[in-house]
Amino acid sequence: MSLANYENNKLFINTSFENSYNLNSKDIDLNDKNSSHSIIVNLIAENSTVLDVGCSYGYLGEWLKVNKNCSVYGIDNNEESLEYVRQKNYYKDLFKIDLDDPLKNKDEFNRFNKLSSIFDYVVAADVIEHMKNPTNVLLLLSKNLKFYSDIILSVPNIANIDIILNLIEGRFNYGEFGILDNSHLRFFTKNSFIDWIKSINESDLGIDFNFEINYVGNTTYISEFVKKVISEKLIIYNLIKSANQEADVLQNIFALTKIRKEDKIFGYNIRHDCKALDNFNLNINKFLDTVNKCQKSLDNLSISVNKQEKKIDALKYILKKTAISNNNPLVSLDQNEAYQLYIKYNEPSNYEIDLQKVFIFNYNPKISIIVPAFNTSFKYLNEMIESVINQTYNNFELCIAYAAEEKLNENNLRQDYFNQKDIYEVEPTNNIDLNNNGNNINKSIELLKYYSNKDKRIKVKFLDKNYGAGGNSNRAISLMSGEYALFLDSDDLLSPFCLFEFVKAINENLDAEFFYSDEDKISEDSKVRYFPHFKPDFSPDTLRSYNYICHTYCLSSVIIKKLGGFREAGYESQDYDMVLRASEVSKKILHISKVLYHWREYHSSASTNIGLQSKLFLIEGAKRSIIDHLKRVGLDACVENGPYIGTYKIIYDIKTNPLVSIIILNKDHYDYLNKCLDSIISKTKYKNYEIIIVDNNSKEKNILEYYEKIQNDFNFIKLLKYNNEYNFSKICNYGASFAEGNILLFLNNDVEVINDDWLSEMVQYAQRKDVGIVGSKLIYPNGTIQHSGVIIGINNFAGHMFCGYPRNYPGYMDRLQIVQNISAVTGACLMIRKEVFIELGKFDESDIPSDDIDLCLRAREEDYLIIITPFAMLYHKEFGTRLYDKQKEEIAYDYFRKKWDNILKKGDPYYNSNLSKLRTDFTINLDEILTL
């Protein structure tokens, strides 16, 4: 028999497994007093250790972990649901145990028994009634419960009026859900449950504890069927209700406190007798909470004051520099000086560092720092290890795999093969001269032995040979026991607050599995930091152009396990390969816009172009990794070297040779249109295109004659007339409605083609389903950059990056010379698939001057990528056909800023927040310092 709400039951819906479990942690509402979940979670104290019996799909444990920072363990007999819970990573451990036959899976049962007496609470919600022998189950679970801790049970009420009325009518039908479902073996009322617990207490079962029964509460429910009976046969309802005051109860909730038998014998009631102490503790806790809040306010005030002091110092430096140079403050500072000011102003002070050391996160995962080492010198190893030891977050382990060019021998190590033929075990060393600065292998080995003996968080494997960076990394990974792995080269350094920032990001983004940070270079002598790389948020096409993520990145152990570690033979560019593979399987990738890694620069390091040129095998390995990556994601392409060493150019196969409809707006201006069309027709290699000219009230004779000529000469040119007043969006939309192509290209009439493969370079990206819009690089007639992508948020609006810079300028981190993801492109040359254009609702016809940026932002809202390629170049004379109306532009800009206020405040994901919002040339952000 099922209750009348069977059809609306939230537990299961008839669909695929991934979506089959409808109830989740968000459905637990503490304000719902008629919910067994809210009653149960209210009973559980923060930071408790909880066993969730019958954990199913883990919604209860997830809620307890996120909202009360509980350590939650789970038991279930359904492998499918357990695997689902494992992937969500909220439970500390899970056990596949059949409670009616626990020895069926003996290994799991033995593993569970090792948790003896660790639990503050055992939650068995709607479990006991399904057991063959509930007494055995209750006693089994109690063994792992601490004394004076609770088993919380919710049990359906067999005396519910719905069941009674059905029985009166001769029905007793099991259903899939409800008070009675097809797996119920036991039935309880409130009194029968209490009698059962009393019988356990009074029995001679050889146990050293009893249960103190605490009736917590109940949930009530009257089905539509019962409501119908009440309306039609009230006398029957009143009769039953008078005999059974709990007829409306759906579930009863009990808390069984595990107490010592002798306490019961001597009449000792720990809860009652300690009530005064509990009240005292409650008041003390309230007082401490107030003190903590005051301390937090003082800390925030101190940080604020400290920041203002740093700001004043930085401003004094800038003003002094300005007085000397008599220049604009930002112009007078070179980027290295600007970065030193940035460090002083933005990075934590000693006071803030001390606060980080005592900060407690809700979730404190262990971070395994993975370090492959080969021939690393004593000095670099020592400094690397010290940078880890001095972290403000201390729940980490440092896993080092060390190999040397010459085979390690018995003079420095004791060989012990055990089960791993490539590993050496070492004897500990207690003393070492840390000032010993040499490159001898024995010195480095002694150093590692010293640290591993000194600090148990440091684990070292000595390898019998060099297995390459990927192979050595895998052997370091074999040491890890943490929930996350962070990767560090043996000669580089972590900032003191690196792990703190990663763990902070993890706590704020528990669904993320891949994290990466900004980085900078550090001199060989470790004295100077420079050349920061302020990176964009995750940008898949930028990543395919070069490994911009580089250092440092952090992956969940789930991802490491899924990928099987690093690939070794033939994949020398191991980090690039790992980052590409991890990006394919991670649910969420998060960028931390802080400099947390210092990449050491010396002559043979890959951090320099000279060092990279000496390791060209890395370039070939990277190209192999990119090709493999593209195959895995279903993209057919070849990979060539990019314009600079370490950059790559991808050439995608153009599958169906799609027709491109080139839409050009025009009014008079014969000279512009003639040069534009002539350059397209004479230079374009990609031939499957049509040209649609939309004329807006042209009057000059030469243009009208030209229209007639080109229509006679070229059958792929269409001429449309739009006789209303000028509105860029309306005219573009009108032209697009006549397009026959699958791909639309909106093109200004004042552009001229430069390279003959410009159109195919754009089409290869526009054909991809994940791409919404493609833009090109536009050059002023004087050879400077007009457009190479749009940054959102510049001067509280938008700006063209590196506008006015030389045509071949590399840009910040070579970004002007590679294909990259950005937030918007100009409508002067904007390519979009017709289906996407229609899906987005076409151009906004409100006549805003930023119709193109608006369209791009709407594409981003739908998770389409925006791409700009420097390999499609055209000359552009801006405002060639339209005069600038300042008043109209200001009105339109105000409209745009209101529409996209949330984006402007949040910031451009492809433009790092550490870069200036006042300029478009990726200058380091000193804006706040200059606005004291």
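Residues numbered from 1 in each chain as written. Predicted model: local features only at pLDDT ≥ 70, side-chain atom pairs only at ≥ 80, totals over all residues. Heavy atoms only, no water.

1. Quick look at the overall build of the protein chain
Each helix and strand counted, the protein chain has 33 helices and 31 strands in total. Burial statistics for the protein chain: of 932 residues in total, 54% are counted as buried. Counting contacts in the protein chain only where the partners sit at least 6 residues apart, residues at least 24 apart contribute 74% of the total. (Helix = DSSP H or I, 4+ residues; strand = E, 2+ residues; numbered from the N terminus. Buried < 20%, exposed > 50% of the residue type's maximum accessible area, 1.4 Å probe, protein only. Contact = heavy atoms within 4.5 Å.)

2. Details of empty space enclosed by the protein
Tallying each qualifying case throughout the model produces seven cavities of 30 Å³ or more. Here the largest cavity is characterised by a volume of approximately 70 Å³. Taken together, 13 residues make up the lining of the largest cavity; nearest its centre are F487, L488, D489, Y553 and D575. Of all elements in the fold, only β8 (367–374) and α23 (574–585) reach the threshold of two or more residues within the lining of the largest cavity. Grouping the amino acids of the lining of the largest cavity by side-chain chemistry returns seven nonpolar, four polar and two charged. Forming the boundary of the second largest cavity are D541, R544, S545, Y648, K649, I650, Y652, Y765, V819 and F871. When contributions to the lining of the second largest cavity are tallied by element, the ones reaching two or more residues are α21 (540–545) and β19 (648–652). For the lining of the second largest cavity, the element with the highest residue contribution is β19, accounting for four residues. Broken down by class, the residue content of the lining of the second largest cavity amounts to six nonpolar, one polar and three charged. (1 Å grid on protein atoms, 1.4 Å probe; cavity = no way out; pocket = protein on both sides within 12 Å on 5 of 7 lines; lining within 4 Å. Points joined across faces, edges and corners; volume = space filled by probe spheres on them. Nonpolar A, V, L, I, M, F, W, Y, C, P; charged D, E, K, R; others polar.)

3. Some points on the packing of helix α2 (residues 36–43) against helix α3 (residues 59–68)
Closest axis-to-axis distance for the α2/α3 pair is 11 Å, and the angle between their directions is 45°. The pairing of α2 with α3 is recorded here as oblique in orientation. Here the hand of the crossing between α2 and α3 comes out right-handed. Across the interface between the two elements, H37, V41 and N42 of α2 pack against Y59, L60, W63, L64 and K68 of α3. Grouping the constituent residues of the contact of α2 with α3 by class yields five nonpolar, two polar and one charged. (Axes fitted to C-alpha atoms, helices over the stretch in contact; angles between N-to-C directions. Parallel < 35°, antiparallel > 145°, perpendicular 65-115°, else oblique. Left-handed = near helix turned anticlockwise from the far one by under 90°.)

4. Thoughts on the pattern of salt bridges
If you walk through the whole model with that rule in mind, you get 41 salt bridges. One salt bridge connects K718 with E690, and the closest N-O pair in it is separated by 3.4 Å. A residue pair is termed long-range when its members are at least 10 positions apart, and K718 in strand β22 (residues 717–721) and E690 in strand β21 (residues 689–695) qualify at 28 residues. Judged by relative accessible area, K718 falls into the partly exposed class, the value being 24%. On the basis of relative accessibility, which here comes to 6%, the residue E690 falls in the buried class. (Salt bridge = Lys/Arg side-chain N within 4 Å of Asp/Glu carboxyl O.)

5. Things to note about the pairing of β21
Looking along a regular strand, one sees the side chains alternate between the two faces of the sheet. Among the seven residues of β21, seven are classified as buried, and the element is accordingly described as predominantly covered. Here strand β20 (residues 660–666) pairs with β21 via seven bridges, running parallel. Bridge pairing in β21 places N666 opposite D695. After leaving β20, the chain enters helix α26 (residues 670–683) and then returns to the sheet as β21, a path that is right-handed. (Pairing = 2+ DSSP bridges. Right-handed = clockwise from strand over helix to strand, strands pointing away.)

6. Focus: helix α28 (residues 728–736)
Counting buried residues in α28 gives seven out of nine residues, a clear majority hidden from the surface. Within α28, the full set of buried residues consists of F728, S729, I731, C732, N733, G735 and A736. Its side-chain oxygen placed 3.1 Å from the backbone nitrogen of S729, N727 serves as the N-cap of α28. (Polar contact = N/O pair within 3.5 Å; in protein donor to acceptor, adjacent residues only side chain to side chain.)

7. A few points about the packing of helix α6 (residues 134–142) against helix α8 (residues 190–202)
Packed helix pairs are specified by the crossing angle of their axes together with the interaxial distance, meaning the distance between the axes. The contact between α6 and α8 brings their axes to 12 Å, and the two run at 65°. Classified by the angle their axes make, α6 and α8 are roughly perpendicular. The element α6 and its partner α8 pack so that their crossing is right-handed. The residues of α8 that touch α6, namely those facing P134, T135, L138 and L139, are W196, I197 and I200. Classifying every residue of the contact of α6 with α8 gives six nonpolar, one polar and no charged.

8. Quick notes on the sheet that holds strand β6 (residues 209–220)
Reading across the sheet, the seven strands line up as β3-β2-β1-β4-β5-β7-β6 and stay open at both edges, with mixed pairing between neighbours. Of all strands in the sheet, those with a lone pairing partner are β3 (93–96) and β6, marking the two edges. Taking each pair of neighbouring strands and ignoring which way they run, the sheet shows an average axis angle of 15°. Pairing of β6 with strand β7 (residues 249–260), which is carried by eleven bridges, proceeds in the antiparallel orientation. Bridging from a neighbouring strand, I213 pairs with L256 of β7. Lying over the sheet, helix α5 (residues 106–113) contacts β1 (49–53), β2 (71–76), β3 and β4 (119–125), oriented at roughly 140° with respect to β3.

9. Thoughts on the pairing of β22
Two elements, β21 and β22, share five bridges in a ladder whose sense is parallel. Looking at β22, one finds that I693 is bridged to L719. Handedness of the β-α-β unit built from β21, helix α27 (residues 701–713) and β22 comes out right-handed.

10. Here's the deal with a negative patch on the surface
A cluster of like negative charges, contributed by E839, E861, E862 and D863, occupies part of the molecular surface. As for its position among the elements, D863 is in the loop between α31 (851–861) and β31 (865–876). (Patch = residues over 30% accessible without salt bridge, like charges linked within 9 Å, V, L, I, M, F, W, Y side chains within 5 Å. Areas by Shrake-Rupley, 256 points an atom, 1.4 Å probe, with all protein chains shown as cover. Lys, Arg positive; Asp, Glu negative; His and termini not counted. Charge placed at Lys NZ, Arg CZ, Asp CG, Glu CD.)

11. So, the packing of aromatic side chains
Following the criterion strictly, the structure yields 42 aromatic pairs and no others. Taking the centre distance of 4.9 Å and the plane angle of 70° together, the rings of F359 and F361 count as edge-to-face. Given the relative accessible area of 47%, F359 is considered partly exposed. In this structure F361 comes out as buried when scored by relative accessible area, which is 7%. Within the aromatic cluster, the residues linked to one another by ring pairs are F487, F514, Y516, Y548, Y553 and F566. The ring of F147 has R260 sitting right over it, with the charged end atom 3.9 Å from the ring centre. We note K649 situated over the ring of F871; from NZ or CZ to the ring centre the distance is 4.7 Å. (Phe/Tyr/Trp six-rings, centres within 6.5 Å; stacked < 30°, edge-to-face > 60°. Lys NZ or Arg CZ within 6 Å of the ring centre and 35° of its normal.)

12. What to know about the side chain of S545
By the element assignment, S545 lies in helix α21. At a separation of 2.7 Å, a polar atom in the side chain of S545 contacts the main-chain carbonyl oxygen of V819. Excluding residues within four positions of it along the chain, S545 makes contact with Y576, G646, T647, Y648, I818 and V819.

13. Thoughts on a nonpolar patch on the surface
Together, I168, I235 and I236 make up an exposed nonpolar region whose accessible area comes to about 300 Å². Mapped onto the fold, I236 is located in helix α10 (residues 234–243). Taking relative accessible area as the criterion, I236 reaches 30% and is therefore assigned partly exposed.

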